[in-house]
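Next come the chains, spelled out residue by residue.
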Amino acid sequence: MSTLIRNGLVINATGSHAADVLIDGEHIAALVTTGFEVQADEVIDAAGKYVIPGGIDAHTHMEMPFGGTQSADTFETGTTAAAWGGTTTIVDFAVQPKGSSLLSTLDRWHSKADGNCAVDYGFHMIISDVTDESLKEMDSCIAAGVNSFKMFMAYPGVFYATDGEILRAMQKARETGATIMMHAENGIAIDQLVAQALASGLGDPVQHGLTRPPELEGEATSRAIQLAKVTGSPLYIVHLSASQALDAVTAARDTGQNVFAETCPQYLYLSLEDLARPGFEGAKYVASPPLRPKEHQSSLWRGLRTNDLSVVSTDHCPFCFKDQKQLGVGDFSKIPNGMPGVEHRVDLLHQGVVKGEITRERWVEIVSTTPARMFGMYPRKGVIAPGADADVVIYDPKASQTISAETHHMAVDYSAYEGFEVTGKVDTVFSRGRKVIADGAYHGSTGHGRFVSRDLNQYLV
Ligand SMILES: NC(=O)NCCC(=O)O
Ligand SMILES: [Zn+2]
Ligand SMILES: [Zn+2]
């Protein structure tokens, strides 16, 4: 089956030009001068629209166990919602329970995802038990296409790793070429602040933000950077939310250290004011790190322009308001941490283009090309070029839409962006040559999505 996308504006991270895109089977076969005679089984007119590489969301949590419940999207519902939003690859986190091996964890995540995804997927591994055995098993994970490992400086007693444990994992990463991803918040200090707030009778959702001050994200980020420097390991800071943390990343990058960071749409568009909504509404916005006062947002946009922030991922980790978030009524520390977003990342970042914060090429770079490069999928993914997977989105930059739980496809009963009016809309989505979204309908199938075994990082960004 071949498809010709005619008359669109092809946007890659490196530039934009008018071209027709020929898809043959699962791959992009050619970029052709607009109007040049080419035979294809199907021809789609993309006049007035953008043709961009499918989005890559490098940070999702489908079916993730957390705080006695699990995130509401399955791999099936979550990847279908991703497709609706122009994301054709997710990288989800396999979570090692304490006492389990990394390989049994990987098997467990494969059994959840394999045969159930609408678009392609890969895995990172969360190491919550640093033992001689788990460190050895990092080699087997790498051989199995999983070469990025997340660690936590937060959540003592659950995922938390000591500085010594982090140092050992970083040494192993240095030796193997793996990437260490860090949840950088000082969990030991935060736990004290949480206990003090609860002891004073302060249980509302806004306390989640007040007990996790930005300084404690800045401190943990600096500490992770120093540990990475000592070991010579590259470091990727996940879900960076605070200007203090960004300052630390910027300073390290200015000295040439291999430190990278992602932020998330919620930190660009939502704020502590949302956590402080009346009643229990703020629970919808509980995620860690927490939403920050609004003034952090301009620093984050600046970081995206200067490439001190290289990626925007969603940290999609949805919990329903009606039952799951209610676990924390009266005690904010029991609200399951996480927010939905996998469906809206490409659109929300396009608002950065509309408002003049970033160029449209930078938009493509942030939502697709850099995650592909950073996590060993480039040039298979992240680019419109001959030979690449035909993960292609036709995007209408002029269409408008209103985000709402009434119309979204994520299996969660609220939208963090309810009522947001956005300019731009996904028109058609191809996943490895298969048309999965077109004419306002889903045409994909569960099980089309394939596991992406990722190559070791080349640090091209
Ligand atoms: N971010 C969040 O609150 N939940 C998901 C787990 C994590 O990424 O730390
Ligand atoms: Zn995290
Ligand atoms: Zn996360």
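What counts, and where the lines are drawn
- Residues numbered from 1 in each chain as written.
- Chains lettered and ligands numbered in written order.
- Predicted model: local features only at pLDDT ≥ 70, side-chain atom pairs only at ≥ 80, totals over all residues.
- Heavy atoms only, no water.
- UniProt positions renumbered as here; feature names shortened; annotations may be inferred.
- Helix = DSSP H or I, 4+ residues; strand = E, 2+ residues; numbered from the N terminus.
- Buried < 20%, exposed > 50% of the residue type's maximum accessible area, 1.4 Å probe, protein only.
- Contact = heavy atoms within 4.5 Å.
- Donors = N, O, S within 2.8 Å, 3.2 Å for Na, K, Ca; no water.
- Near = heavy atom within 4 Å.
- Polar contact = N/O pair within 3.5 Å; in protein donor to acceptor, adjacent residues only side chain to side chain.
- Areas by Shrake-Rupley, 256 points an atom, 1.4 Å probe, with all protein chains shown as cover.
- Tetrahedral: all angles 85-135°; square planar, octahedral: opposite > 155°, others 65-115°.

The protein is annotated in an unreviewed UniProt entry as Dihydropyrimidinase from Lentzea albidocapillata. In the Cofactor (unreviewed entry) part of its UniProt record, the protein is described as follows: "Zn(2+)". According to the UniProt record, the Sequence similarities (unreviewed entry) comment for the protein is "Belongs to the metallo-dependent hydrolases superfamily. Hydantoinase/dihydropyrimidinase family."

(A) Structural detail: the environment of Phe 152. Note that Phe 152 resides in strand β11 (residues 148-152). Judged by its relative accessible area of 4%, Phe 152 falls in the buried class. Between the C-alpha atoms of Phe 152 and Ala 283, which are 131 residues apart in sequence, the distance is 22 Å. Phe 152 has contacts with Ile 126, Phe 159, Tyr 160, Ala 161, Met 182 and His 183, leaving out every residue within four places of it along the chain.

(B) Structural detail: helix α11 (residues 296-306). Within α11, the full set of buried residues consists of His 296, Gln 297, Ser 299, Leu 300, Trp 301, Gly 303 and Leu 304. Positive phi appears at Asn 307, one or two residues downstream of α11, with a value of about 70°.

(C) Structural detail: the coordination of the zinc ion (ligand 2). The protein atoms that coordinate the zinc ion (ligand 2) are Lys 150 (NZ), His 183 (ND1) and His 239 (NE2), at distances spanning 2.1 Å. Site description for the zinc ion (ligand 2): donor spacing in sequence, K-x32-H-x55-H. Between the two metals, the zinc ion (ligand 2) and the zinc ion (ligand 3), the spacing is 4.1 Å. Placement of Lys 150 in strand β11 and of His 183 in strand β12 (residues 179-183) is noted, with a sequence separation of 33 residues between them. For the pair Lys 150 and His 183, a shared accessibility class is recorded, and that class is buried.

(D) Structural context of the site of ligand 1. Residues in contact with ligand 1, as listed here, are His 59, His 61, Lys 150, Phe 152, His 183, His 239, Ala 287, Ser 288, Asp 315, Cys 317, Asn 337 and Gly 338. Here an oxygen atom of ligand 1 and a side-chain polar atom of His 59 are 3.4 Å apart. In this structure, an oxygen atom belonging to ligand 1 sits 2.9 Å away from a side-chain N or O atom of Lys 150. Contact with the protein chains hides 100% of the accessible area of ligand 1, taken as 260 Å² for the molecule alone.

(E) Spotlight on the coordination of the zinc ion (ligand 3). Ligation of the zinc ion (ligand 3) by protein atoms is provided by His 59 (NE2), His 61 (NE2) and Asp 315 (OD), these donors lying 1.9 to 2.0 Å from the ion. If you look at the zinc ion (ligand 3), its 4 donor atoms make angles of 90 to 131° with each other, and the shape they trace is tetrahedral. In the primary structure, the donors to the zinc ion (ligand 3) are separated according to the pattern H-x1-H-x253-D. Here His 59 falls in the buried class, since its relative accessible area comes to 0%.

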